[in-house]
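What follows is the residue order along each chain.
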Amino acid sequence: MLETLTISAQTPVLIAGPTASGKSALALEIAERLGGVIINADSMQVYEGWRVLTARPGPEEEARAPHRLYGHVPQADAYSVGHWLRDVGPLLNDAARPIIVGGTGLYFTALTEGLADIPPTPAAIRAEADAMRRQGALPAMIAALDTATAKRIDLRNPIRVQRAWEVQRVTGRGLTDWQDATPPPLLALEDCQALLLDVDPGWLNARIARRLAAMLKAGALDEVRANMTLLDGGHPSARAIGAPELAAHLRGETSLGVAQEAAIIATRQFAKRQRTWFRARMRNWQHITLP
């Protein structure tokens, strides 16, 4: 793929795209040929307990080029976009050119557009919000939001609704009020080469199925088994795509074949949501059409 691109040896590179689209391979190719340090921008690859299931770069890839912010967060810890910005900031000042790669669009938006400095949510209020979401109280949470926030966020996304509810509960200010007071970005988009992998859905769906089969051979079930307690506890790391489906098999609720197909479907749905988000928010990025 690199042969078709003109990449500077100094400019920071951003690589976004849906899951299984080949982002990590492109980042590694750029780092090996032109230099740079690869920095993770995937909200699940930060967790130490997910390597196989999140397709995190393996030891061989990590030996070929420096990788940062992969597997550095304990599995039971909460980790937000704010945490990621605090972690990535010092890396932008290193001598090596950053190659930031991942599928979490919000990380890229916060990096290139800035992020409001919202106070953290206390554990007790987070627990209250988690319980409300699990018990189906989203309509009440939406009703509690200020009008501006309710108009701006995706009300069909339970996590986004919960986050907005928490902010208002903790600070007394709406999420949009905080967002409108956003500080300057750490890395302006115009100072980067921003690449978005724009993929054919049929091509991507086939890759997703092949990759999940490879994950199972590589030990994905053992990885999920090791994290069952955390999955049942509703920790943020439990949102790893495919984990709930494989956990259902390990609990004896489904066959492996049914769990595998359910995980494939969940991954395809996730990729579709990613593509929709990227189209809406990354119009100014350089689109790389695949295959």
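Anyway, here's the lowdown on the structure attached to this text.

How each quantity is defined
Residues numbered from 1 in each chain as written. Predicted model: local features only at pLDDT ≥ 70, side-chain atom pairs only at ≥ 80, totals over all residues. Heavy atoms only, no water. Pairing = 2+ DSSP bridges. Helix = DSSP H or I, 4+ residues; strand = E, 2+ residues; numbered from the N terminus. Salt bridge = Lys/Arg side-chain N within 4 Å of Asp/Glu carboxyl O. Buried < 20%, exposed > 50% of the residue type's maximum accessible area, 1.4 Å probe, protein only. Expected span 1.5 Å × (residues − 1). Polar contact = N/O pair within 3.5 Å; in protein donor to acceptor, adjacent residues only side chain to side chain. Arc of directions from axis to C-beta. Contact = heavy atoms within 4.5 Å.

## Observations concerning the sheet that holds strand S3 (residues 67–68)
Item 1. Read across the open sheet, the six strands follow the order S3-S2-S4-S1-S5-S6; overall the sheet is parallel. For this open sheet the edge positions go to S3 and strand S6 (286–290), each flanked by a neighbour on one side alone.
Item 2. In the sheet, strand S1 (residues 13–16) pairs with strand S5 (residues 193–199) via four bridges, with the strands oriented parallel. Its bridge partner being in S5, Ile-15 is matched across the sheet by Leu-195.

## Considering the pattern of salt bridges
Item 1. By the definition in use, this model includes 13 salt bridges.
Item 2. Of the charged contacts, one joins Arg-51 and Glu-62 as a salt bridge, the two residues approaching to 3.7 Å between their closest N and O atoms. With Arg-51 in the loop between strand S2 (37–40) and helix H2 (59–64) and Glu-62 in helix H2, this residue pair connects regions lying eleven residues apart in the sequence.
Item 3. According to the relative accessible area criterion, Arg-51 is partly exposed, its value standing at 25%.

## Some remarks on helix H8 (residues 158–171)
Side chains that are three or four residues apart share a direction in an α-helix, a result of its 3.6 residues per turn.
Item 1. With 14 residues, H8 should reach 20 Å at 1.5 Å per residue; the first-to-last C-alpha distance of 20 Å fits that figure.
Item 2. Those residues of H8 not exposed but buried are Val-161, Gln-162, Ala-164, Trp-165, Glu-166 and Val-167.
Item 3. One side-chain oxygen of the residue at the start of H8 lies 3.0 Å from the amide nitrogen of Ile-159, identifying that residue as Asn-157.
Item 4. Following H8 by one or two positions, Gly-172 has its phi on the positive side, about 75 degrees.

## Some words on the pairing of strand S4 (residues 98–102)
Item 1. With five of five residues buried, S4 is to be regarded as a mostly interior element.
Item 2. Residue alternation in S4 divides its side chains into two sets, Pro-98, Ile-100 and Gly-102 and Ile-99 and Val-101, and both sets are buried.
Item 3. Of the pairings in the sheet, the one linking S1 to S4 comprises four bridges and is parallel in character. When the sheet's bridge partners are listed, Leu-14 is paired in S4 with Ile-100.
Item 4. Here four bridges tie S2 to S4, and the two strands are oriented parallel to one another. Considered in S4, the bridge of Ile-38 is made with Ile-99.

## A short note on helix H10 (residues 201–217)
Item 1. Over its 17 residues, H10 extends 25 Å from the first C-alpha to the last, a length consistent with the 24 Å expected when each residue adds 1.5 Å.
Item 2. Those residues of H10 that fall on the buried side of the exposure criterion are Leu-204, Ile-208, Leu-212, Met-215 and Leu-216. The buried residues of H10 occupy one face: seen down the axis, they fall within an arc of 110 degrees. Residues Arg-210 and Lys-217 are exposed on H10 and point more than 90 degrees away from its buried face.
Item 3. Contacts from the buried residues of H10 go to S5, helix H11 (220–226), helix H13 (243–250) and helix H14 (256–281).
Item 4. Between the side-chain oxygen at the start of H10 and the backbone nitrogen of Gly-202 there is a gap of 3.1 Å, and the oxygen is on Asp-200.

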